[in-house]
Every structure is written in structure tokens, then in C-alpha cells.
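# Topology and contacts: notes
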Amino acid sequence: MTYVIRQMLPDELPVFFRRIEEDFPEEEYAPFPVLDSHLRRGVQEGLVLCAEGQDIAYAINAVAENGFVLISLMAVSKEYRGRGIGSAFIRMMKERYAGKKGIILEVERPDKAECGRELFTMKQRIAFYERLGFHLVPGIDYWIWNVRMHLMALPLTESAASIDAQIEEIVTGIYLGLLGERLIAKLDIRRVDG
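Note that the structure is a prediction, hence the values are computed from the model and not measured.

### Comments concerning the pairing of strand S2 (residues 45–51)
The buried fraction of S2 is high, at seven of seven residues. Of the two faces of S2, the one holding Glu45, Leu47, Leu49 and Ala51 and the one holding Gly46, Val48 and Cys50 are both buried throughout. In terms of strand pairing, strand S1 (residues 3–7) meets S2 through five bridges, oriented antiparallel. Residue pairing for S2: Ile5 is matched across the bridge by Leu49. As defined by bridge partners, S2 adjoins strand S3 (residues 54–63) across seven bridges and the pair is classed as antiparallel. Paired with Gly46 across the bridge in S3 is Ile60. Turn length for the S2-S3 hairpin, with the two strands adjacent in sequence and antiparallel, is two residues, and the turn residue Glu52 shows positive phi of about 50 degrees.

Take a look at the structure:
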């Protein structure tokens, strides 16, 4: 199957937002007006992975002034999951952003799972990203919108050690562009021992 990435048009967001509501818990995505504003102003970009004329996956990414990309949301359509499409999409994004310093993403913390199935899914998600070259950023306690998450990083032109050492500044810089000064308090990132 041949894949192509296309830009999501802001007028398509209502359709994709319905998918976002199905694919993610409500606390993990911005309200429609915020995402709409971000796409229209270029604060974030929506990418759509297509195959044979079908939209099969999407991502909403913040391409920050600090040279890093945050994958805010990424999902493969339910009927296409388990076929390597998510891996292909990440590889294509790595190519798209090859000149950037790195790609950052947030994943749920397995230690916060409420049941065995949730724990399994969370661990699978982390393993999926690790197979694609991401690593868990060590020594960080991280909350966004009162949701405790892990940060994962994929070095592109910056080294893993450099990203890990600067992660607070990197993530704060990304979210400052997304949230602005007024809402940056919704981000809590700090170093922890061990």
C-alpha cells in the first residue's frame, strides 16, 4: 500500500474532531474552538495519512519555534489498526521533520492504569513508540491539564542526552506557544530523583 501525507484543511476539523472525541479521553485534547484557532493560525498543523484515496490516520502536531515538534494527537482509523499504519505514519513524520531537533509526545503512565486491560494497552503504546526510536525521558514528573503523563522523545538533529537535559525548557517552550502566558500554569514539569 502506498501512503501519502496531506495537510488537514481547517474546514475539515469538524469531521476529524468527531474522530478525536472517539479516539481520546476528553481530558487529553483541547476543545474544538482552541484546535480550530490553532490550525487556522498555524500554531498546530493537522496531518492526514491517506492510502488509495482513503483518510486512514491523522495527527495534530505543534511545530514549535524552539525547533521541536509535539505530536499532540495521533490515531489510526479503527478499521485500519494493527496493520503497521501507525508505524508508517511515524516514519513519514520523521522524514517530514528531519531538519527539526526532535519529536516529543506524551503517553499515559502505566502506573496510573485502573485495570489490567488499560495497563496492557499503556505498556503496548510505550513499546510501539520505543520500536520507532522514541525513548522515555527519565527523571521527570509531568502533568498537563491535570493529567499525569510520561514524555517520550525522538532525537532528530539533537542528541537524546541533550533533549533529556533540556526537557523542561523544551516542553515549556512548546506549550507556551500553544497555551500562551495565561494558561501555561496548566503545565507542570519538574525533575525528580531516581
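Having seen the model, we can carry on.
### Some thoughts on the side chain of Asp36
Within the element layout of this structure, Asp36 appears in helix H2 (residues 32–41). Once residues lying within four places of it in the same chain are set aside, the contact partners of Asp36 are Pro10 and Leu13.

About the thresholds
- Residues numbered from 1 in each chain as written.
- Predicted model: local features only at pLDDT ≥ 70, side-chain atom pairs only at ≥ 80, totals over all residues.
- Heavy atoms only, no water.
- Buried < 20%, exposed > 50% of the residue type's maximum accessible area, 1.4 Å probe, protein only.
- Helix = DSSP H or I, 4+ residues; strand = E, 2+ residues; numbered from the N terminus.
- Pairing = 2+ DSSP bridges.
- Contact = heavy atoms within 4.5 Å.

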